[in-house]
Amino acid sequence: MKTNIQSIHFDASEQLQAFIEKKTAKLERFFDEIDTVEVTLKVVKPETAMNKQADVKVLVKNADDKTRFRFYNNQATRYMTYQIDNIEVRRADLSYIPEDANVTGTVTCEGQPMQGVVVSDGEHVTKTDAEGRYYLQSDLETTSHVFITIPSGYEMTGRKNNIAPAFFAALKNTETVQICDFQLKKVDQTNYTILTMADSHVLKGAANFGSTNDRSLFMNEFLPKWKSYANECLAKGPVYGIHLGDMTQQAYWKKKVSILGYTYTYDNYTLANYCSDLKSSPVPIFSVMGNHDHDIPKSGTFGEDEQHLARKSFTSAVGPAYYSFEIGTEHYIVLDNVVIINSDSGTNNYNDNTATGYKVKIDSKQLQWLKDDVAQIDQSKIKGVVI
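Residues numbered from 1 in each chain as written. Predicted model: local features only at pLDDT ≥ 70, side-chain atom pairs only at ≥ 80, totals over all residues. Heavy atoms only, no water.

Asker: Would you take a moment to explain the overall build of the protein for this structure?
Answerer: On a plain count of helices and strands, the protein comes out with six helices and 28 strands. Sorting the 387 residues of the protein into buried and exposed places 44% on the buried side. The contacts of the protein with a sequence gap of at least 6 include a subset with a gap of at least 24, amounting to 65%. Carbon and sulfur atoms form 48% of the exposed surface of the protein, whose accessible area is close to 20,600 Å². (Helix = DSSP H or I, 4+ residues; strand = E, 2+ residues; numbered from the N terminus. Buried < 20%, exposed > 50% of the residue type's maximum accessible area, 1.4 Å probe, protein only. Contact = heavy atoms within 4.5 Å. Areas by Shrake-Rupley, 256 points an atom, 1.4 Å probe, with all protein chains shown as cover.)

And the structure:
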């Protein structure tokens, strides 16, 4: 990115030019398709202490004549909105983001900043400041999401991936700063209900267990009962769903068919199908990984520091593999207690000396996150921990 500075009716000092270049260079952290920034400095009449004018023009790569890059400054929040055409691209206060931060954003409730909300990327744990801001330096090679711990007495305003409360945002492996905001709403959780399900194992008839209509049973028999009971409980107070794992089965995500000597592979029943099938649930659903919801290595083994690869399909379709949230006086912690070793994800390996199947274990990265998460619990509000 180039910065061109033109001063009209006066000579810009080297110090002023260096200041402008430092500030405009930060734009590239938020939008990486900028080609040139043109800054025009003017002295306007009448002569006063504030008679200086600066115009900034941003030229975007591969843009047509209709494309415009616009700035709107909100003095109340010190946030600036960047837009291309009518699409909002980024929000940020350039002067308030640390140089080493690559993930940032705000947590608000009804437009007001929320201080002290716990935010994490699964490795680092921080809290929002007085203006609701957070900053993280995430390892984007291994990190899939940024997420908040929903505080007691609050809910998210929307859903993610059809079913989950919108407490997380997916991250990309990019050099630009990623800005992820979260919106909360207040709710009375004095009398709340948790509905759980587990081991639905929808295979869409692809298995050899004599099941040919399991998805139909899930959709037409189980789901109506789930919805009916959830609506009954909603009449008494807030209701939250939790799927405790094995919503699918990795071995049957794909199906192979041979036709005229050619083998074709297509999606059979995936984790994305699970999210889609439950989108009509009247209550949001938190999801927990089961051993059958993991990816397996195509060859060889996964080491303990490679478990993000075993979670790739889950994190892409469903959400983070481990996280926490609060409801009423309880702090809930969701963990992935499976370390995938090789392609036999259905075999529980109790012998640490044999590299087969999977181990019931919390990997070291997740364990450190767990310690940091628990350390943030406000014991004046939270009376119990549910794992």
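Asker: What should I look at first to understand the pattern of salt bridges in this one?
Answerer: Proximity of charged atoms lets side chains of opposite charge pair with each other. One pass over the structure, following the stated rule, counts five salt bridges. Residues R311 and D363 are paired through a salt bridge, measuring 2.6 Å at the closest nitrogen-oxygen approach. Linking R311 in the loop between helix 4 (307-310) and helix 5 (312-317) with D363 in the loop between strand 27 (358-360) and helix 6 (364-375), this pair joins segments that are 52 residues apart in sequence. A single salt-bridge network, built from bridges that share partners, covers R311, D336 and D363. (Salt bridge = Lys/Arg side-chain N within 4 Å of Asp/Glu carboxyl O.)

Asker: Looking at this structure, how should I read the sheet that holds strand 3 (residues 52-60)?
Answerer: The strands making up a sheet associate through hydrogen bonds between their backbones, and the pairing can be parallel or antiparallel. Ordered in space as 1-2-3, the three strands form an open sheet in which the pairing is mixed. Edge positions in the sheet fall to strand 1 (2-8) and strand 3, since each has one partner strand and no second. Direction aside, the axes of adjacent strands within the sheet are offset by 15° on average. When strand 2 (residues 34-43) meets strand 3, the two strands line up antiparallel, connected through nine bridges. Residue T40 lies in a different strand from strand 3, and its bridge partner there is D55. (Pairing = 2+ DSSP bridges. Axes fitted to C-alpha atoms, helices over the stretch in contact; angles between N-to-C directions.)

Asker: Got a minute to help me understand the nonpolar core in this structure?
Answerer: If you look at the biggest cluster of nonpolar residues, it comprises 63 residues, and the most contacted ones within it are V146, I148, F167, F182, L184, Y274 and F325. The residues touching Y274, leaving out its near neighbours within four places in the chain, are I163, H243, M247, T248, Y269, I285, S287 and V318. Core analysis: the next-biggest nonpolar cluster, separate from the first, contains ten residues, A12, L27, I34 and V60 among them. (Core = buried A, V, L, I, M, F, W, Y, C linked by side-chain atoms within 4.5 Å.)

Asker: Looking at this model, I keep getting lost on a negative patch on the surface. Mind explaining?
Answerer: Side chains of E28, D32, E33 and E175 sit close together on the surface and give a patch of like negative charge. Positionally, E28 belongs in the loop between helix 1 (14-25) and strand 2. Judged by its relative accessible area of 35%, E28 falls in the partly exposed class. (Patch = residues over 30% accessible without salt bridge, like charges linked within 9 Å, V, L, I, M, F, W, Y side chains within 5 Å. Lys, Arg positive; Asp, Glu negative; His and termini not counted. Charge placed at Lys NZ, Arg CZ, Asp CG, Glu CD.)

Asker: Teacher, can you tell me more about empty space enclosed by the protein here?
Answerer: Empty space among the atoms becomes visible once a probe the size of a water molecule is rolled across them. Inspection of the entire model under this criterion finds one cavity of 30 Å³ or more. Roughly 50 Å³ of internal volume is contained in the largest cavity. In terms of lining, the largest cavity is formed by A164, F167, F168, I285, F286, S287, V318, G319, P320 and Y323. Examining the composition of the lining of the largest cavity, we find that three residues originate from one element, strand 23 (residues 285-287), more than from any other. Here the residues of the lining of the largest cavity are counted per class, giving eight nonpolar, two polar and no charged. (1 Å grid on protein atoms, 1.4 Å probe; cavity = no way out; pocket = protein on both sides within 12 Å on 5 of 7 lines; lining within 4 Å. Points joined across faces, edges and corners; volume = space filled by probe spheres on them. Nonpolar A, V, L, I, M, F, W, Y, C, P; charged D, E, K, R; others polar.)

Asker: Just to check I follow, could you spell out the sheet that holds strand 25 (residues 330-334) for this structure?
Answerer: If you trace the three strands from one edge of the open sheet to the other, you get 24-25-28, paired in mixed fashion. On the outer flanks of this sheet lie strand 24 (323-327) and strand 28 (384-386), each paired with one strand and no other. Ignoring strand direction, the axes of neighbouring strands in this sheet form an average angle of 25°. Each of strand 24 and strand 25 touches helix 6; the most contacted strand, strand 25, lies at about 170° to it.

Asker: Mind showing me how you'd approach unusual backbone geometry here?
Answerer: Trans is the prevailing form of peptide bonds, just as negative phi is the prevailing case for residues other than glycine. In this structure, E110 is a non-glycine residue whose phi angle is positive, near 55°. A positive phi is found at D199, a non-glycine position, where the angle reads about 50°. Tracing the sequence through the fold places D199 in the loop between strand 19 (193-197) and helix 2 (214-234). With relative accessibility at 46%, the residue D199 sits in the partly exposed group.

Asker: I tried to follow helix 2 on my own but got confused; where do I start?
Answerer: The periodicity of an α-helix, 3.6 residues per turn, causes residues three or four places apart in sequence to face the same way. With 21 residues, helix 2 should cover 30 Å at 1.5 Å per step; its first-to-last C-alpha distance of 28 Å lies within 8% of that length. By the largest-angle criterion, F222 marks the main kink of helix 2, which is about 35°, and a proline, P224, follows within four residues. Within helix 2, burial applies to D214, F218, L223, W226, A230 and C233. In this structure, the buried residues of helix 2 make contact with strand 19, strand 20 (239-243), helix 3 (271-277) and strand 23. (Expected span 1.5 Å × (residues − 1). Bend = angle between axes of the 7 residues up to and from the residue.)

Asker: In this structure, what is going on with the pairing of strand 24? I would like to understand it.
Answerer: Note on strand geometry: in a regular strand, side chains alternate between the two faces of the sheet. With five of five residues buried, strand 24 lies mostly within the body of the structure. Burial along strand 24 is two-sided: the residues Y323, F325 and I327 and S324 and E326 are all buried. Here strand 24 runs beside strand 25; their pairing, made up of five bridges, is antiparallel. From the neighbouring strand, E326 faces strand 25, where its bridge partner is H331. The antiparallel hairpin formed by strand 24 and strand 25 contains two residues in its connecting segment, where G328 sits at a positive phi of about 60°.

Asker: Looking at this structure, I do not really get the environment of I163. What am I missing?
Answerer: If you trace the backbone, I163 turns up in the loop between strand 14 (159-160) and strand 15 (164-165). Separated by 113 residues in sequence, I163 and S276 have C-alpha atoms that sit 7.9 Å apart.

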